[in-house]
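One-letter residues, chain by chain:
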Amino acid sequence: MQGSEMNSYLTGRANARGVDLNRNFPDLHVAPDKQKGRNHHIPLTANWQEQTEQETYAVIRWMQSYNFVLSANLHGGAVVANYPFDKARGPIARSPYRTSVSSTPDHQLFQKLAKVYSYSHGWMHSGTNCGDYFPDGITNGASWYSLARGMQDFNYLHTNCFEITLELSCRKFPPENELQREWYGNREALLAYIEEVHKGIKGMVLDENNNGIYKAVVSVFGINHDVTSGVGGDYFRLLLPGKYVVTASAPGYEDQAVLVNVADNGPTRVDFPLVPKAVVPIALTSTISPLPSPSSTAPHHRVGPRAARERSLKPRERRRLHHRGH
């Protein structure tokens, strides 16, 4: 049976095989490319499908098939907006004293996204819900408790998408008579959060024929996390208001950098027409020996019938023949 009184705190967390799907995504914090300093689109290991459930596999393939920009996954059991990273850099215990933070390169941006939801929510921003205390109604995931193989960390490290986790109710299965209140408490917050997708910069990365360049890298100076362009060359990069140096790069093209002023009232359009790298001609070396020049000291041989007759004569006779002339 389903209902607020018939389920425990853990009901619904696992699939039919008993696996908690929110702890089933590949852990890219330990991926070799992450350890080498790669900051975006960390590749999956060769056997990643064997490590995930069918439901997780389907969600990952969905993430890979669209150029998602912003998302949220919805939970129950608390009232707080939780932002990445969920996984701590070292072992920490769940505690009301949250001093350890596992931050992303976009830490301030994630804080702002979480606050947009909490302050648009009916009561989340108070921070005093369900016996917990979260200042501004937000928390860094690892600061609350460390969680490995979660979806929001995976999204940030493997795709272009920025995701937070929304804990929406003290009870995981609210009774029917509380549902309308929950809806009114979250309705405006959901809309306000969705509107945040229209912040930062967006545009196209184009080649010399005005065609979109797929998987071009768009990087922001000072923020160690890049995004890539979609199949049509379109890109989106969430940013806080301010001035940024943004660079677009792609194999075979010259990098292009621009200074961008990002406002708070909508996205700033920035297109990148890339120029192909100049082709450097390669000098070819011949293996055929050149013919001797006229000034060469190499001997010259006459040809023709007379030359053949001269070569048959003895040296003294050859000299007399030359003296007689024609």
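Not measured: the values here are computed from a predicted model.

Rules used throughout
Residues numbered from 1 in each chain as written. Predicted model: local features only at pLDDT ≥ 70, side-chain atom pairs only at ≥ 80, totals over all residues. Heavy atoms only, no water. Pairing = 2+ DSSP bridges. Helix = DSSP H or I, 4+ residues; strand = E, 2+ residues; numbered from the N terminus. Axes fitted to C-alpha atoms, helices over the stretch in contact; angles between N-to-C directions. Contact = heavy atoms within 4.5 Å. Buried < 20%, exposed > 50% of the residue type's maximum accessible area, 1.4 Å probe, protein only. Disulfide = S-S within 2.5 Å.

Further remarks concern the sheet that holds strand S4 (residues 162-169). With mixed pairing, the four strands of this open sheet are ordered in space as S1-S4-S2-S3. One side of each edge strand has no neighbouring strand; the edge strands of this open sheet are strand S1 (70-75) and strand S3 (138-140). Across the sheet, the axes of successive neighbouring strands diverge by a mean angle of 30°, strand direction being ignored. As judged from the five bridges shared by strand S2 (residues 78-83) and S4, these two strands associate in the antiparallel manner. Considered in S4, the bridge of Val80 is made with Glu167. Relative to the sheet, helix H3 (residues 107-120) contacts S1, S2, S3 and S4, its axis offset from that of S4 by approximately 35°. Sheet strands touched by helix H5 (residues 151-158): S1, S2 and S4. Its angle to S4, the strand with the most contacts, is close to 165°.

This paragraph deals with unusual backbone geometry. Trans is the prevailing form of peptide bonds, just as negative phi is the prevailing case for residues other than glycine. That bond from Pro84 to Phe85 is cis: its omega, 5°, falls within 30 degrees of zero. Secondary-structure assignment places Phe85 in the loop between S2 and H3. A positive phi angle, near 60°, is found at Cys130, a position not held by glycine. Inspection of the secondary structure puts Cys130 in the loop between H3 and S3. For Cys130, a relative accessible area of 32% corresponds to the partly exposed category. The phi dihedral of Asp136 is positive, around 65°, even though this residue is not glycine. Considering the arrangement of structural elements, one finds Asp136 in the loop between H3 and S3.

This brings us to the state of the cysteines. Under the counting rule described, the total for this entry stands at one disulfide. Here Cys130 pairs with Cys170 through a disulfide, and the sulfurs are 1.9 Å apart. Judged by the sign of its S-S torsion, about -85°, the cystine formed by Cys130 and Cys170 is left-handed. Remark: Cys170 occurs in the loop between S4 and helix H6 (179-195) and Cys130 occurs in the loop between H3 and S3; sequence separation between them is 40 residues.

Time to look at the sheet that holds strand S9 (residues 242-249). Spatially, S7-S6-S9-S10 is the arrangement adopted by the four strands of the open sheet, whose pairing is antiparallel. Taken across any chain shown, the strands that pair with only one partner, and hence form the sheet edges, are strand S7 (223-228) and strand S10 (256-262). On average, each strand axis in the sheet is inclined to that of its neighbour by 25°, with strand direction left out of account. Direction of pairing for S9 relative to S10: antiparallel, over a ladder of seven bridges. Within S10, the position partnered with Val245 by the bridge is Leu259.

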